[in-house]
Amino acid sequence: MILFMDIEYIRQFALLAKDCHFQSAADKLFINQSTLSKHIAVLEKELRQKLFHRTTRQVELTDFGRDFLPYAEKIIGVMNDCEMNLIAKYQKAAPSLHVGVSPFVSVSRLMEGKMACLEAAPEIETMIFTETSSEQLRNGLKSGRFHLAIDGAGPMWEEPGFAAVPYMQDHLCVLIGKTHPLAQKETVSLHELERLPYIHLYTETDASPFLSEPVLVTDTVPQTMRAVADGQGCAILPYARAKKHLPENVTVIRLVPSPDLQFNAYYLRHVQHGEALNALLKYFVKNASIKEAPV
């Protein structure tokens, strides 16, 4: 069997396999959910195997999909290496500004900032890539794959050579089922949550030491949302991420006291920046004090 799989469809499959949520994956890819569904269907037809079990509430990998994922990741790795090294060496690419973001960062301000880039440098295309960890973002910035990396709400990157401007501020909120008695409150404290089952999104917040041992550790925001919606417990997330794709039976409540979360945009200090990147950095600095609307 000769395969003619589209590399972009394979990238989309790999992201969907991690998110297990069509709308969330489509948003990160900046395409419609229906487009993503069609691309997955084309890939399944090419492979002559189903990649996902689809239900009304969730998406799960089939056995074949689970076995195919490591091969897909290898294909993506080879193509990334080809793009960064071989093609870049022999072919001058169209000018573009590559921005890497953490999946926990709201990109609403970045999308607004793209307009500032267009005004400063209309010929430059701003491209956004979602990475799964701070380490991947740092490596992408060091290697030149990204011109800018947006991360938080963890500690500042202290490595020499990195500079940063503030991207946005946010605060923590609690996700909880609407039928729970606490759902009627405007604010909630950690003390009130300590007896509740807790769902932890790996290193997204530092609230877990103050709560009971998590009943579940999730890998993505959509997985956390589904677990709360299914009644497995409560979760704590930055508000800007929690408010997106909120299930109908889940509500958000402001956590008090809650520290201000600072998200930052990082760039290489010693690299000469073009007009587009400078315009984006200036936009972030100008709007960094604007917080997300309160719950």
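Residues numbered from 1 in each chain as written. Predicted model: local features only at pLDDT ≥ 70, side-chain atom pairs only at ≥ 80, totals over all residues. Heavy atoms only, no water.

Novice: Even after reading the chapter, I still don't get the packing of helix H1 (residues 7-19) against helix H2 (residues 22-29), so can you show me in this structure?
Specialist: Any two packed helices are characterised by the angle at which their axes cross and by the distance between the axes. Closest axis-to-axis distance for the H1/H2 pair is 9 Å, and the angle between their directions is 135°. Classed by the angle they form, the pair H1 and H2 counts as oblique. You can see that H1 and H2 cross each other, and the crossing is right-handed. On the side of H1, the interface is formed by Gln12, Leu15, Leu16 and Asp19, while H2 contributes Phe22, Ser24, Ala25, Lys28 and Leu29. (Axes fitted to C-alpha atoms, helices over the stretch in contact; angles between N-to-C directions. Helix = DSSP H or I, 4+ residues; strand = E, 2+ residues; numbered from the N terminus. Parallel < 35°, antiparallel > 145°, perpendicular 65-115°, else oblique. Left-handed = near helix turned anticlockwise from the far one by under 90°. Contact = heavy atoms within 4.5 Å.)

Novice: What am I meant to see in the sheet that holds strand E8 (residues 187-188) here?
Specialist: Backbone hydrogen bonds are what pair the strands of a sheet, in a parallel or an antiparallel way. Strand order in the open sheet made by the 6 strands is E8-E12-E7-E11-E9-E10, with mixed pairing throughout. At either margin of the open sheet sits one strand with a lone partner, and together these are E8 and strand E10 (216-218). Sheet analysis places strand E7 (residues 172-177) next to strand E11 (residues 234-238), joined by 4 bridges and oriented antiparallel. Paired with Leu175 across the strands is Ala235, a residue of E11. Along the sheet, helix H8 (residues 221-229) makes contact with E7, strand E9 (198-201), E10, E11 and strand E12 (250-255), crossing E9 at roughly 175°. (Pairing = 2+ DSSP bridges.)

Novice: Is there a simple way to think about unusual backbone geometry in this case?
Specialist: Among all residues save glycine, negative phi is the norm, and among peptide bonds the norm is trans. In the segment running from Val256 into Pro257, the intervening peptide bond is cis, with an omega of -10°. Here Pro257 is to be found in the loop between E12 and strand E13 (261-268). A positive phi angle is found at Cys20, which is not glycine, with a value near 55°. Along the chain, the position of Cys20 falls in the loop between H1 and H2. At Arg48, a residue that is not glycine, the phi angle is positive and equals roughly 60°. Summarising the element assignment, Arg48 is placed in the loop between helix H3 (33-47) and strand E1 (52-54).

Novice: Looking at this structure, I do not really get the nonpolar core. What am I missing?
Specialist: Side chains that are nonpolar tend, in soluble globular proteins, to be buried together. Core analysis: the biggest nonpolar cluster contains 41 residues, and Leu110, Leu148, Ile150, Leu193 and Phe284 have the highest contact counts within it. Per element, the largest residue contribution to this core is 6 residues, and it comes from helix H10 (residues 275-287). If we skip the residues at most four places from it in the chain, Leu110 touches Val99, Val101, Ile128, Ile150, Tyr167, Leu280 and Phe284. Formed by 23 residues, the second largest nonpolar core is a distinct cluster that contains Ile10, Ala17, Phe22 and Ile76. (Core = buried A, V, L, I, M, F, W, Y, C linked by side-chain atoms within 4.5 Å. Buried < 20%, exposed > 50% of the residue type's maximum accessible area, 1.4 Å probe, protein only.)

Novice: Is there a simple way to explain the sheet that holds strand E5 (residues 148-151) in this structure?
Specialist: The mixed open sheet is built from 5 strands, whose spatial order is E4-E3-E5-E13-E6. A single partner strand is all that each edge strand has here, and the edge strands are strand E4 (125-130) and strand E6 (162-170). Each strand axis lies, on average, 20° off the axis of its neighbour in the sheet, ignoring direction. With 3 bridges joining them, E5 and E13 adopt antiparallel strand pairing. Counted as the bridge partner of Ile150 is Ala265 from E13. Strands strand E3 (96-101), E4, E5 and E6 of the sheet are contacted by helix H5 (residues 108-120), whose axis makes an angle of about 160° with E4. Packing of helix H6 (residues 134-143) onto the sheet brings it into contact with E3, E5, E6 and E13, and relative to E5 it is tilted by some 165°.

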